[in-house]
Structures are given as structure tokens and as C-alpha cells.
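So the chains spell out like this:
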Amino acid sequence: MNSNLMTRGLRKFQDMLGKSRQPKPLDERGLEKLRAQLQECADGLGGEVSARQRALRLGETYQRLDEAGKQAFLRLIATGFGPDPEKVAQAHAEYQQAIGTPAQWEAEARLWSALRSPRTRILTQFNALPQGVRFLVELRVDLLRFLQDDPELASLDRELEFALSSWFDVGFLELRRITWNSPAALLEKLIEYEAVHTIHSWTDLKNRLDSDRRCYGFFHPRMPDEPLIFVEVALTDQLAGDVQQLLDIDAPVFDTRAADTAIFYSISNTQDGLRGVSFGNFLLKRVIDDLQRDLPQLKQFATLSPLPTLRRWAEKHPEAWTQAFLPGDLERLSRLAAIPATVDAVKALLEQPDWAEIPRLSRALQAPLTRLAAQYLLTAKNQERLYDPVARFHLGNGARIERLNFLADTSAKGLSQSYGMMVNYLYEPGAIEENVEALLRQGRIAASSSVRHAARAGSK
């Protein structure tokens, strides 16, 4: 295959990634042909040009298939190209016999070789294509969808996740600041990918990229126009406790010369195919370094974060309500809202869409809902892991729970997820490692005295 044909093939493959075509089914004849193509990839015969040609053919075949065909394609790789059990058993036996002898290390190498799946060799051949990494990321989106009903795909998913973790190692990623002057196609992707606070318009986006804001993203050299994750930052002179104010497009632009605080108010992962590949913690650390270099007067680095699973957890734990809503709270709410002085009546009240708009009622709910949120953050677990995914991320990166903010997000999403509660996680550079160690070794959550007091008040 000459270089011109290879170039045309690569262009064709790149075009296919960006275009929708009429999908085709995979019949028995096509399945046998595909099995032969996969075997050629697994055997790895020929040189680099041959390997690219095989990867191109496989990629083109996959892109043309309908949903059932794609699932059959992935199932064939998962079930037909695993390690050879006999070779693994023999290599393992030889390794066991060689332990403690000079032959141990060679036996170990043979065991590793036997365990290396042909699936990995097949996937790796796409890595050499200009759009091959992107193809594999998109392929994993399909794989995760099929995996829900087809558990035999799990082995392929584990191997692909491991491969992507290597290829998307943070050492390969570029931190890039995104501004209003960035390419329009990139700005459109920010609007599309924003996962925390919806960007409603170009005016909204421009506000988030103004002079008192910063936006940073991680990019991979093989996907230079696709942010893998991005964070939005507001520069302020205080710990922000109201996301509506941060997102207000009519608010005056803050003078960054007076800023001493950076608020991370939105972090969005953009690629579903990279689920399980973690680089968000490195993003925040790199951004903090960048901000300290550009704005040395900044002294405080914190988030204004949602509590996305607070309501889900609270509805499963009735005891948390009785601890958070004291008898005096229930009596006061009973008088104000003309409801029975019971937790069930309060829950029904919180189902009403306008409760947050009634000042006297919302003031009566502030203390008990704050206690509920404090209990949730400090005690809620799911199989020994922190229940809240955002808390798991920030506390695992060394932050401290600094402050709970009542009615900080009164959007429909904020009220439905967390009764409008939000939380500030504080990153103190000098305490990050200590907080991580305490959480990993002792399970101790770093939290301010006010948050701990709120949790204790509810448990009495």
C-alpha cells in the first residue's frame, strides 16, 4: 500500500468520524469476515503500514454498522480475543515453581506476556492513526451503553479503560486558557458540554469569559479541538455563597486588582468515553499554580459546589430528617405554613415549587436544611465511599468543607437535587496533603468548625 493510498484512507476514516451514514446490519458472512480481520490485527503480522491499513478497515467497518452490528462487533472482541487460558495456566505454574530461583524474573515476564490479551493488541493499533484515539473514545461510549445489558463486555471495557488511562496520562495533556477570543467551534463546545450550570446564550458565555473570570481546559494532542475537562473560575474578594450572583449577566465586572479569592464554580467532564479516567485533580492543581503566577495577590482558592445527591440520600434516610428538624423547627413551620408539625408534612412542603420564594418560610427552613446537609456531607457513605460524588472528588484532592450555603442555587435543578443548598470546598495549599492522608488513612473528613457544629446540633 503506497503512501498516497494510505493518506486517502486516513482522510476517509477521519471523514467518517464526523459524518452520519446509513447504518448497515452485520450478517453471518460479515461476522466471519470481521473475525478474520480481527485475527489479523491480533496476530500483528507485517509492518507499520500493514497495521494502519488493518486498523483503517476495522474502523470503517465499525462506523458503517447499525446498533446491533456494533454490539456484535464489540462482543466478538470481548469474547473471542481474550488471553489463552491454557497458556496462562502453564505460565502461572512455571512462575510458581520458579519463585525464589534465578529463573523467577523470566517466568514472571512469560506470565505477563500470557496475560496480555489480544484485545489490547487490537485496540492499540488504532492509537497510531491521527483520529484513532478519538475513535476509541467514541467507541467506548457505545461500549458503556451496551454494557448495561451485556455483562460479557466488561472485560473489553476494563482493558479499554486501562489503555485510555495510559494514553490520557496527565503528562500528555496541555492546560489551555479558554477566552472569548478562542475559536468559535471551541466556544460552542463549552456551551454543549457545560454540565453544572447550563449556558443559556452567547451573552451568558461571554459573561463567564469576561475579565473577572477564567476558564481553563485540558486538551490531548490527538484531540486538540476537544476539551477533555474544563473549569470555570470567578475572581472575587470573598467566599461566594450564591451562584445566581456569579452567573448574573447584568452584574458589573469586578475589578480583578481587588480580587483575593478564586472561586471554582463549575467543573465539567466532556467525554463520556473517558469515564473512570481521572485528571480533574491535576486540573485544579495546575489552575491554582497558573492563577498564583498571574495574580499573586490571590490568597484563597475555593469552590461553590452543588450537592447533587443530597435529596436522593435524604429520601432514603428518614432518621436524618428527625435529627435535622428539631421539635421547635416543626412547630414553627406548622404555624407558618398551616401544616401538621411532622417531618412528612415538611417533606410535602418542600415538594412545592415556590417554597423558596416565601421569605418567612425559607428562613424557618434554613437551619434544619443546613443541619441535614452537614450530616449528609460528614456521614453519608456508599460501601465505605463518600456518597456525594462532588465531595468525593474535592475531599479526595485535599480540600476542606468550609461553609454550607442555603438557597445558593434556586434553579429548578438546584432545588430538586439539594433543596438549593451548595457548599464551599476550600483548598489551602499547605494543608492539601495532610487532608488527603487523613481521609485515606483514618477516614477523617476535613471540615470547618461551623459545619461540624451544624452536624452535631442535628444529632443531639
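Description of the structure in this document. Everything quoted here is computed from the prediction, not taken from an experiment.

### What about the pairing of strand β10 (residues 422-427)?
Working step 1: Most of β10 is tucked away: six of the six residues are buried.
Working step 2: Side chains Met422, Asn424 and Leu426 project from β10 onto one buried face, and the interleaved Val423, Tyr425 and Tyr427 project onto a second face that is buried too.
Working step 3: Pairing of strand β5 (residues 300-303) with β10 involves two bridges; the strand directions are antiparallel. Bridging across to β10, Ala302 finds its partner in Leu426.
Working step 4: Pairing of strand β6 (residues 305-306) with β10, which is carried by two bridges, proceeds in the antiparallel orientation. Bridge pairing in β10 links Ser305 to Val423.
Working step 5: Taken together, the five bridges between strand β9 (residues 400-405) and β10 define a ladder with antiparallel strand orientation. Residue pairing for β10: Leu404 is matched across the bridge by Val423.

### Remarks on the packing of aromatic side chains
Working step 1: Tallying each qualifying case throughout the model produces nine aromatic pairs.
Working step 2: A ring pair is formed by Tyr62 and Phe73, whose centres lie 4.9 Å apart and whose planes are at 70°; its orientation type is edge-to-face. Here Tyr62 is found in helix α3 (residues 48-64), whereas its partner Phe73 is found in helix α4 (residues 67-80), with eleven residues between them in sequence.
Working step 3: The interplanar angle of 80° and the centroid separation of 5.9 Å between the aromatic rings of Trp321 and Tyr419 together place this pair among those described as edge-to-face. Placement of Trp321 in helix α15 (residues 318-324) and of Tyr419 in the loop between α20 (412-418) and β10 is noted, with a sequence separation of 98 residues between them.
Working step 4: Here a set of aromatic residues connected by ring pairs shows up, and it is made of Tyr62, Phe73, Phe126 and Phe135.
Working step 5: Positioned above the aromatic ring of Phe146 is the side chain of Arg145, whose terminal nitrogen or guanidinium carbon lies 5.0 Å from the ring centre.
Working step 6: Seen from the ring of Phe219, Arg176 lies directly overhead, with NZ or CZ sitting 3.7 Å from the centre.

### Section: the packing of helix α2 (residues 28-43) against α3
Working step 1: The N-to-C vectors of α2 and α3 enclose an angle of 145°; their axes lie 10 Å apart at closest approach. Relative to α3, α2 is oriented so that their crossing is left-handed. Taking contact as the criterion, the partners of Leu34, Gln37, Leu38, Glu40 and Cys41 in α2 are, on α3, Arg54, Arg57, Leu58 and Thr61.
Working step 2: Looking at the contact of α2 with α3 residue by residue, the classes come out as four nonpolar, two polar and three charged.

### Some thoughts on the nonpolar core
Side chains of nonpolar character tend, in soluble globular proteins, to be buried together.
Working step 1: Counting 110 residues, the largest nonpolar core has Phe168 and Trp355 as the members making the most contacts within it.
Working step 2: The contact partners of Trp355, leaving out residues within four places of it in the chain, are Leu349, Leu350, Leu361, Ser362, Leu365, Leu369, Phe406, Leu407, Leu415 and Tyr419.

### Topic: the pattern of salt bridges
Working step 1: Counted under the stated rule, the structure contains 26 salt bridges.
Working step 2: Linking Asp157 and Arg140 is a salt bridge whose minimum nitrogen-to-oxygen distance equals 2.8 Å. Of this pair, Asp157 sits in helix α9 (residues 154-167) while Arg140 sits in helix α8 (residues 132-147), and the two are 17 residues apart along the sequence. We note that Asp157, like Arg140, is buried.

### Thoughts on the side chain of Ser305
Working step 1: Relative to the helices and strands, Ser305 resides in strand β6.
Working step 2: One polar contact links Ser305 to Thr303, side chain to side chain, over a distance of 2.7 Å.
Working step 3: Beyond its immediate stretch of four places on either side in the chain, Ser305 contacts Val390, His394, Met422, Val423 and Tyr425.

### Focus: a positive patch on the surface
Working step 1: Residues Arg332, Arg335, Arg360 and Arg363 make up a contiguous surface patch of positive charge.
Working step 2: Elements with a contribution of two residues or more to the positive patch: α16 (327-337) and α18 (359-379).
Working step 3: Within the secondary structure layout, Arg360 lies in helix α18.

### A few points about the environment of Phe162
Working step 1: By secondary structure assignment, the location of Phe162 is in helix α9.
Working step 2: Take Phe162: its relative accessible area is 62%, and that puts it in the exposed class.
Working step 3: Sequence separation between Phe162 and Leu386 is 224 residues; the distance between their C-alpha atoms is 24 Å.

### Overview of unusual backbone geometry
Working step 1: In this structure, Gln383 takes a positive phi of about 55° despite not being glycine.
Working step 2: For Gln383, the location among the structural elements is in the loop between β7 (381-382) and β8 (385-386).
Working step 3: Residues other than glycine seldom take positive phi values, yet Tyr419 does so here, at roughly 55°.
Working step 4: Overall, Tyr419 belongs to the buried group, its relative accessible area being 2%.

### Comments concerning α18
Working step 1: With 21 residues, α18 should reach 30 Å at 1.5 Å per residue; the first-to-last C-alpha distance of 30 Å fits that figure.
Working step 2: The largest bend in α18 is about 40°, located at Gln366, with the proline Pro368 one to four residues further on.
Working step 3: Of all 21 residues making up α18, 15 are buried, and the element is well covered by its neighbours.

### Regarding the packing of α3 against α8
Working step 1: α8 packs onto α3 with a crossing angle of 40° between their chain directions and a minimal axis gap of 12 Å. Taken together, the axis directions place α3 and α8 in an arrangement best described as oblique. For the element pair α3 and α8, the recorded crossing hand is left-handed. Residue-level inspection shows Gly59, Tyr62 and Gln63 of α3 in contact with α8, the latter providing Phe135, Leu139 and Asp142.
Working step 2: Residues belonging to the contact of α3 with α8 are distributed by class as follows: three nonpolar, two polar and one charged.

Basis of the calculations
Residues numbered from 1 in each chain as written. Predicted model: local features only at pLDDT ≥ 70, side-chain atom pairs only at ≥ 80, totals over all residues. Heavy atoms only, no water. Buried < 20%, exposed > 50% of the residue type's maximum accessible area, 1.4 Å probe, protein only. Helix = DSSP H or I, 4+ residues; strand = E, 2+ residues; numbered from the N terminus. Pairing = 2+ DSSP bridges. Phe/Tyr/Trp six-rings, centres within 6.5 Å; stacked < 30°, edge-to-face > 60°. Lys NZ or Arg CZ within 6 Å of the ring centre and 35° of its normal. Axes fitted to C-alpha atoms, helices over the stretch in contact; angles between N-to-C directions. Left-handed = near helix turned anticlockwise from the far one by under 90°. Contact = heavy atoms within 4.5 Å. Nonpolar A, V, L, I, M, F, W, Y, C, P; charged D, E, K, R; others polar. Core = buried A, V, L, I, M, F, W, Y, C linked by side-chain atoms within 4.5 Å. Salt bridge = Lys/Arg side-chain N within 4 Å of Asp/Glu carboxyl O. Polar contact = N/O pair within 3.5 Å; in protein donor to acceptor, adjacent residues only side chain to side chain. Patch = residues over 30% accessible without salt bridge, like charges linked within 9 Å, V, L, I, M, F, W, Y side chains within 5 Å. Areas by Shrake-Rupley, 256 points an atom, 1.4 Å probe, with all protein chains shown as cover. Lys, Arg positive; Asp, Glu negative; His and termini not counted. Charge placed at Lys NZ, Arg CZ, Asp CG, Glu CD. Expected span 1.5 Å × (residues − 1). Bend = angle between axes of the 7 residues up to and from the residue. Parallel < 35°, antiparallel > 145°, perpendicular 65-115°, else oblique.

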